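# Chain and residue survey
Here's the letter readout for the chains.
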Amino acid sequence: MGLSGILLLFLVNVGLCFAADPFVFYDFEVSYITASPLGVPQQVIAINGKFPGPTINVTTNNNVVVNVRNKLDEGLLLHWSGIQQRRVSWQDGVAGTNCPIPPKWNWTYQFQVKDQIGSFFYFPSLHFQRASGGFGSFIVNNRPIIPIPFPTPDGDITILIGDWYTRNHTALRKALDDGKDLGMPDGVLINGKGPYQYNRTLVSDGIDYETITVHPGKTYRIRVSNVGISTSLNFRIQNHNLLLAETEGSYTVQQNYTSLDIHVGQTFSFLVTMDQNTSTDYYIVASARFVNESRWRRVTGVGILQYTNSKGKARGPLPDAPNDEFDKTFSMNQARSIRWNVSASGARPNPQGSFKYGSINVTEVYVLRNVPPVKINGKRRTTLSGVSFVNPSTPIRLADQFKLKGIYKLDFPTRPLTGPPKMETSVINGTYRGFMEVILQNNETRMQSYHMNGYAFFVVGMDYGEWTENSRGTYNKWDGIARSTIQVYPGAWTAILISLDNVGVWNIRTENLDSWYLGQETYIRVVNPENNNKTEFPMPDNVLYCGALGKLQKPQRISSASKISDFGMTTIFMMMGLHAAAMLLLR
């Protein structure tokens, strides 16, 4: 074979490789804008001038490239909540794994979405920035070879709900630094907009509200994420059934709900058929849960579902939320009813339920207990098992790469400390290919949500009271839902099982932003003793340096958000150019 033949064969192989796993590119310019979601002008964080940010819409096996231009006045990291970054905690976007993107800098995330199909969101993870915006939806679609367990919907709708303050994130964070509570939110937003004026006493004039237009008789997939700070919300659409179909990458047993509690950081998708009379529009409602309802009436998000042939505006009172302010049993029973659809296909052609988690031996057990905020060294802090986490100036994963000592300790307790609470950079030492049981014990008076990066865990049990060894007798060992964020009720526990098959350093934390900011988190460090690039990709060419390694950081090489600076992306474009050349040679 001649040189041209060898070159042609090489180029064809490259082309086939990239054709199998295509690249999807996004440019994000993150900046401040002025908006008035609750009728009061305030500073919010926008992406490409939009609040909320654009939806990332990709297909499983896509290589996702997001070039981020930081136009804020402080460091920035974007975190892809629920997206299981396989072997690339370098791209995770939290303080324990990545250095911040400095102001006026570009940084390019690159990762592949593989073993998940479903509904997620992204947000800025540093400096309490999520309280000012910067979030958006993240959808992973199925490849054609992988069927979905319901007829293809007629449309896809994303809805972001969350509590909201008219103070920006810097003012809120200062309040926390000063030892204060944030107090009651000023409202609840739906897709970045305030409430429809369903009540002139409670809702002032001139507020822009969300309207979602639908066709009668059609069925839509509606994906709902709670991107707020700390408030659990009940989601409902007046007179419409919500057929639950998926949550955070797992298909559920399909059940109808008139409303569903969606806790901070959680995402669900529903199939909703537009089968109602078109004489009026209908309310979309997100209202606060487990609060004094009379005091929180103003903290309600209201949008409008409008049929294309609607004949009038929505009217009358809002549809009722569950009437259980002082009894959390209804909500917990609702949560227990969410089960995994073990007969549905997963991201690969084999059934997702083929992973029989209930028959795997647990190798390590951690009880993570939270309590109300405490004073440590004169500072108001939150804790997990008596440890208030201190983010290191040098990220844990970077410290490992350069074999730095003294950055963190692998001494996180398996059971809550009995002595006084302490502030430490204390990390869980996970065993690669181990099977970890984590009990989340909430000894506080308010709801907490917990999230783990890099993994979907199995939710096997929850109940009120203190967890004991005997509680395992109540575990669901067959069809407990696999997801990445789970609620823990006040005075209750939730048990999860985690298969530690993803090498890296992974954050486990409360999603309640105030508690997270004050220290309620840790990391699970999962290391393959046989160091190779098969279980963890090497450090990217464009890695940022800070802390003890700050002297290694080179100056930013470009200033245009439309350019990508790292060698890895140069290689990608070169290979894509070779792919194009191969196609020309084949003609």
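Look above for the structure.
Residues numbered from 1 in each chain as written. Predicted model: local features only at pLDDT ≥ 70, side-chain atom pairs only at ≥ 80, totals over all residues. Heavy atoms only, no water.

## Focus: the overall build of the protein
For clarity, the cut-off: Strands are runs of DSSP state E lasting at least 2 residues, helices are runs of H or I lasting at least 4, and numbering of each runs from the N terminus. Throughout this description, buried means an accessible area under 20% of the type-specific maximum (1.4 Å probe, protein chains only), exposed means over 50%, and partly exposed covers the range between. Residue contacts follow a heavy-atom distance rule, with two residues in contact if any of their heavy atoms lie within 4.5 Å. Reported accessibility uses the Shrake-Rupley method at a 1.4 Å probe radius. Residues are deemed covered only where the shown protein chains occlude them.
Counting its secondary structure elements, the protein contains six helices and 33 strands. When burial is assessed residue by residue, the protein has 58% of its 587 residues classed as buried. Long-range contacts, defined as pairs at least 24 residues apart, comprise 78% of the intrachain contacts of the protein with a sequence gap of at least 6. When the accessible surface of the protein is split by element, carbon and sulfur atoms take 52% of a total near 23700 Å².

## Observations regarding the sheet that holds strand E14 (residues 242-247)
So the rule is basically this: The pairing criterion is simple: DSSP has to find at least two bridges between the two strands. To define axes, lines are fitted to C-alpha atoms, for helices over the stretch in contact only, and angles between the resulting N-to-C directions are given on a 0 to 180 degree scale.
As summarised here, the arrangement of the six strands in space is E10-E9-E12-E17-E14-E15, forming an open sheet in which the pairing is mixed. Lying at the two open borders of the sheet, with one neighbouring strand each, are strand E10 (187-190) and strand E15 (250-257). Across the sheet, the mean angle separating the axes of adjacent strands is 25° when strand polarity is ignored. In terms of strand pairing, strand E12 (residues 219-226) meets strand E17 (residues 267-273) through seven bridges, oriented antiparallel. From the neighbouring strand, Arg 221 faces E17, where its bridge partner is Leu 271.

## Re the side chain of Ser 137
Relative to the helices and strands, Ser 137 is located in strand E8 (residues 136-141). Overall, Ser 137 belongs to the buried group, its relative accessible area being 5%. Once residues within four sequence positions are removed from consideration, Ser 137 is found in contact with Pro 54, Thr 55, Ile 56, Phe 120, Phe 121, Tyr 122, Thr 158 and Leu 160.

## A look at the nonpolar core
Basically, it comes down to this: In this description, a nonpolar core means a group of buried Ala, Val, Leu, Ile, Met, Phe, Trp, Tyr and Cys residues linked to one another through side-chain atoms lying within 4.5 Å.
Counting 78 residues, the largest nonpolar core has Ile 159, Ile 222, Phe 235, Phe 270 and Leu 305 as its most contacted members. At six residues, strand E31 (residues 492-499) tops the list of elements feeding residues into this core. Aside from chain neighbours lying at most four places away, what touches Ile 159 is Ile 190, Asn 191, Ile 212, Ile 222, Arg 223, Val 224, Ser 225 and Phe 235. Among the nonpolar cores identified, the runner-up in size contains 36 residues, and Val 30, Phe 138, Leu 398 and Leu 544 belong to it.

## A few points about the side chain of Arg 380
Applicable threshold: Any pair of nitrogen or oxygen atoms within 3.5 Å is treated as a polar contact; in protein, a donor-acceptor pairing is required on top of that, and neighbouring residues in sequence qualify only through side-chain atoms on both sides.
Along the chain, Arg 380 falls in strand E22 (residues 379-381). Here the side chain of Arg 380 touches Asp 181 through a polar contact of 2.6 Å, side chain to side chain.

## Things to note about the environment of Ala 321
With respect to the helices, strands and loops of the structure, Ala 321 is situated in the loop between strand E19 (300-307) and helix H3 (329-336). With 86 residues separating them in the primary sequence, Ala 321 and Phe 235 have C-alpha atoms 8.5 Å apart. Discounting chain neighbours no more than four positions away, the residues touching Ala 321 are Asn 234, Arg 236 and Ser 287.

## So, unusual backbone geometry
The omega angle of the peptide bond from Phe 51 to Pro 52 is -5°, so this bond is cis rather than trans. Inspection of the secondary structure puts Pro 52 in the loop between strand E2 (42-47) and strand E3 (56-59). Look at Asn 61: it is not a glycine, yet its phi comes out positive at around 85°. Mapped onto the fold, Asn 61 is located in the loop between E3 and strand E4 (63-70). Residue classification places Asn 61 among the buried residues on the basis of a relative accessible area of 14%.

## A look at the pairing of E4
Summarising burial for E4: eight of the eight residues are buried, a large majority. The alternating pattern of E4 places Asn 63, Val 65, Asn 67 and Arg 69 on one face and Val 64, Val 66, Val 68 and Asn 70 on the opposite face, and all of these are buried. The pairing of strand E1 (residues 23-35) with E4 spans eight bridges and is parallel. What sits directly across from Val 24, in E4, is Val 64. Inspection of the sheet shows E4 paired to strand E6 (residues 106-112) by seven bridges, in the antiparallel sense. Within E6, the residue paired with Val 66 across the bridge is Tyr 109.

## Quick word on helix H2 (residues 169-177)
Residues separated by three or four positions in an α-helix point in the same direction, a consequence of the helix having 3.6 residues per turn. For clarity, the cut-off: Note that the arc is computed from the directions linking the helix axis to the C-beta atoms.
Those residues of H2 that sit buried are His 169, Leu 172, Arg 173, Ala 175 and Leu 176. Along the long axis of H2, the arc covered by the buried residues comes to 155°, so they all point the same way. Each element contacted by the buried residues of H2 is listed here: E1, E2 and helix H5 (513-517). Trailing H2 by a residue or two, Gly 179 shows a phi angle of about 85°, which is positive.

## What to know about the packing of aromatic side chains
How we decide: Centres within 6.5 Å make a pair out of two Phe, Tyr or Trp rings, where for Trp the six-membered ring is used; the pair is then stacked when the planes are under 30 degrees apart, edge-to-face when over 60, and tilted otherwise.
As enumerated under the stated definition, the model contains 28 aromatic pairs in all. Ring centres 6.3 Å apart and planes at 70° place the aromatic pair Tyr 26 and Phe 28 in the edge-to-face group. In this pair, the class of Tyr 26 matches that of Phe 28, namely buried. Centre to centre, the rings of Phe 150 and Tyr 251 are 6.1 Å apart; their planes meet at 85°, and the pair counts as edge-to-face. Here Phe 150 is found in the loop between E8 and strand E9 (155-164), whereas its partner Tyr 251 is found in strand E15, with 101 residues between them in sequence.

## Looking at the pairing of E1
Note that E1 and E2 share six bridges and pair antiparallel. Each bridged residue has a counterpart across the sheet, and for Ser 31 the counterpart in E2 is Ala 46. Remark: six residues form the turn of the hairpin made by E1 and E2, two consecutive strands paired antiparallel; Gly 39 in that turn has positive phi of roughly 85°.

## Quick look at the sheet that holds strand E18 (residues 282-288)
Spatially, the five strands line up as an open sheet ordered E11-E19-E18-E13-E16, and their pairing is mixed. Among the strands making up the open sheet, the edge pair consists of strand E11 (211-214) and strand E16 (260-262). Taken over all neighbouring pairs, the strand axes of this sheet differ in orientation by 25° on average, direction set aside. Pairing between strand E13 (residues 233-237) and E18: five bridges, direction antiparallel. Paired with Leu 233 across the two strands is Ala 288, which belongs to E18.

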